[in-house]
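# Structural overview
Below, each chain spelled out in residue letters.
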Amino acid sequence: DGGITQSPKYLFRKEGQNVTLSCEQNLNHDAMYWYRQDPGQGLRLIYYSQIVNDFQKGDIAEGYSVSREKKESFPLTVTSAQKNPTAFYLCASEAGQGNQPQHFGDGTRLSIL
Amino acid sequence: AQSVTQLGSHVSVSEGALVLLRCNYSSSVPPYLFWYVQYPNQGLQLLLKYTSAATLVKGINGFEAEFKKSETSFHLTKPSAHMSDAAEYFCAVSDRWGSQGNLIFGKGTKLSVKP
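A brief structural summary.

Calculation rules
Residues numbered from 1 in each chain as written. Chains lettered and ligands numbered in written order. Predicted model: local features only at pLDDT ≥ 70, side-chain atom pairs only at ≥ 80, totals over all residues. Heavy atoms only, no water. Contact = heavy atoms within 4.5 Å. Polar contact = N/O pair within 3.5 Å; in protein donor to acceptor, adjacent residues only side chain to side chain. Helix = DSSP H or I, 4+ residues; strand = E, 2+ residues; numbered from the N terminus. Nonpolar A, V, L, I, M, F, W, Y, C, P; charged D, E, K, R; others polar. Salt bridge = Lys/Arg side-chain N within 4 Å of Asp/Glu carboxyl O. Buried < 20%, exposed > 50% of the residue type's maximum accessible area, 1.4 Å probe, protein only. Disulfide = S-S within 2.5 Å. Pairing = 2+ DSSP bridges.

### Re the interface of chain A and chain B
How large an interface is tends to be reported as the accessible area lost when its parts come together. On the side of chain B, 22 residues touch chain A, which itself brings 24 residues to the contact. Connecting chain A to chain B are 4 residue pairs in polar contact (both at pLDDT 80 or more). Elements supplying a minimum of two residues to the side of chain A that touches chain B: strand E4 (31–37), strand E5 (43–51) and strand E9 (87–94) of chain A. The dominant element in the side of chain A that touches chain B, judged by the number of residues it contributes, is E5 of chain A, at 4 residues. Partitioned by chemical class, the residues of the side of chain A that touches chain B number 9 nonpolar, 11 polar and 4 charged.

Take a look at the structure:
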């Protein structure tokens, strides 16, 4: 079945450490997104990419980085510059037209040790 | 700029009662609108979408929503709540003419269903 796979499901970060969250899709979607979810704040857009080798900052990009070397993959790195990384991270993909829904992975929960 | 307001961060209903979750949007162009559901520790699942074809949109699990342009609303309803409907619900708007596919989400409404 086609879908989006996020890994790992749970991740722990030490102070000063960078960690990378994986997101893979086999839906052949052009666009991919990373959101951060905190209780009571809904989803906030971190980065998005509409085509391979191109990506744009979202509303809360500081302390995060991404790459889009392959259509299927859009990894997110949470750097040590992100001072409050504890959150639930969701990856999504979309066919690339404004009227299509986004499809979501099951998320990665990141915590600080 | 597009925005979404969900009225009520928590809604509680009894099993079998009507579910009404409110969503108002702001958009300078005709919007695309979506409702998503999220169960604990999972991603978001699409319930239904409005893309200007019909103002009353039917979705999965017995949910439906009505687009009312005059009220800039897209409220989600279900005639009879089931225990399995307990989850968090998000309304989202997409700018049709701008950056393709970027969604603006509301802050979510947590639905509790009492037996």
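### A word on the pattern of salt bridges
Two side chains with opposite charge may pair up if their charged atoms get near one another. Under the defined criterion, the tally for this structure stands at 5 salt bridges over all chains. A salt bridge links Asp-38 of chain A to Arg-44 of chain A; the shortest N-O distance between them is 2.8 Å. Put simply, Lys-58 of chain B and Glu-64 of chain B hold a salt bridge, and the shortest N to O gap is 2.8 Å. By relative accessible area, which is 62% here, Lys-58 of chain B ends up exposed. Three or more residues are tied together by salt bridges with common partners; here these are Arg-36, Asp-38 and Arg-44 of chain A.

### Structural notes on the state of the cysteines
Residues and elements named next belong to chain B. Per the stated rule, a full pass over the model turns up 2 disulfides over all chains. One disulfide bridge connects Cys-23 with Cys-91, the sulfur atoms lying 2.0 Å from each other. One disulfide, between Cys-23 and Cys-91, carries an S-S torsion of -65 degrees and so falls in the left-handed class. Here Cys-23 is found in strand E3 (residues 19–26), whereas its partner Cys-91 is found in strand E9 (residues 87–94), with 68 residues between them in sequence. One exposure class covers both Cys-23 and Cys-91, and it is buried.

### A closer look at the environment of Arg-13 of chain A
All names here are of chain A. Position of Arg-13 relative to the elements: it lies in strand E2 (residues 10–13). Residue Arg-13 is classed as buried on the basis of its relative accessible area of 3%. Leaving out residues up to four positions away in the same chain, Arg-13 has contacts with Val-19, Val-78, Thr-79, Ser-80, Gln-82, Pro-85, Leu-110, Ser-111, Ile-112 and Leu-113. Only 3.4 Å separates the side chain of Arg-13 from the backbone oxygen of Gln-82, close enough to count as a polar contact.

### Some remarks on the side chain of Ser-73 of chain B
Mapping Ser-73 of chain B onto the fold places it in strand E8 (residues 73–78). Those residues in contact with Ser-73 of chain B, other than ones at most four positions away along the chain, are Cys-23, Asn-24, Tyr-25, Glu-66, Phe-67 and Lys-68 of chain B.

### What about unusual backbone geometry?
The omega angle of the peptide bond from Ser-7 of chain A to Pro-8 of chain A is -10 degrees, so this bond is cis rather than trans. With respect to the element layout, Pro-8 of chain A can be found in the loop between strand E1 (4–7) and E2. Within the chain, Asn-28 of chain A stands out as a residue other than glycine whose phi angle is a positive 60 degrees. Position of Asn-28 of chain A relative to the elements: it lies in the loop between strand E3 (19–25) and E4. The exposure class assigned to Asn-28 of chain A is exposed, which follows from its relative accessible area of 58%. Unusually for a residue other than glycine, Asn-41 of chain B sits at a positive phi of about 60 degrees. Tracing the chain through its elements places Asn-41 of chain B in the loop between strand E4 (32–38) and strand E5 (44–50).

### So, the pairing of E3 of chain A
In regular strands, side chains alternate between the two faces of the sheet. Residues and elements named next belong to chain A. Residues of E3 alternate between two faces, with Val-19, Leu-21, Cys-23 and Gln-25 buried on one and Thr-20, Ser-22 and Glu-24 left unburied on the opposite face. Alignment of E1 against E3, held across 4 bridges, turns out to be antiparallel. Its bridge partner lying in E3, Ser-7 is registered against Ser-22. For E3 and strand E8 (residues 76–78), the ladder comprises 3 bridges, and the chain directions are antiparallel. Note on E8: the bridge partner recorded for Val-19 is Val-78.

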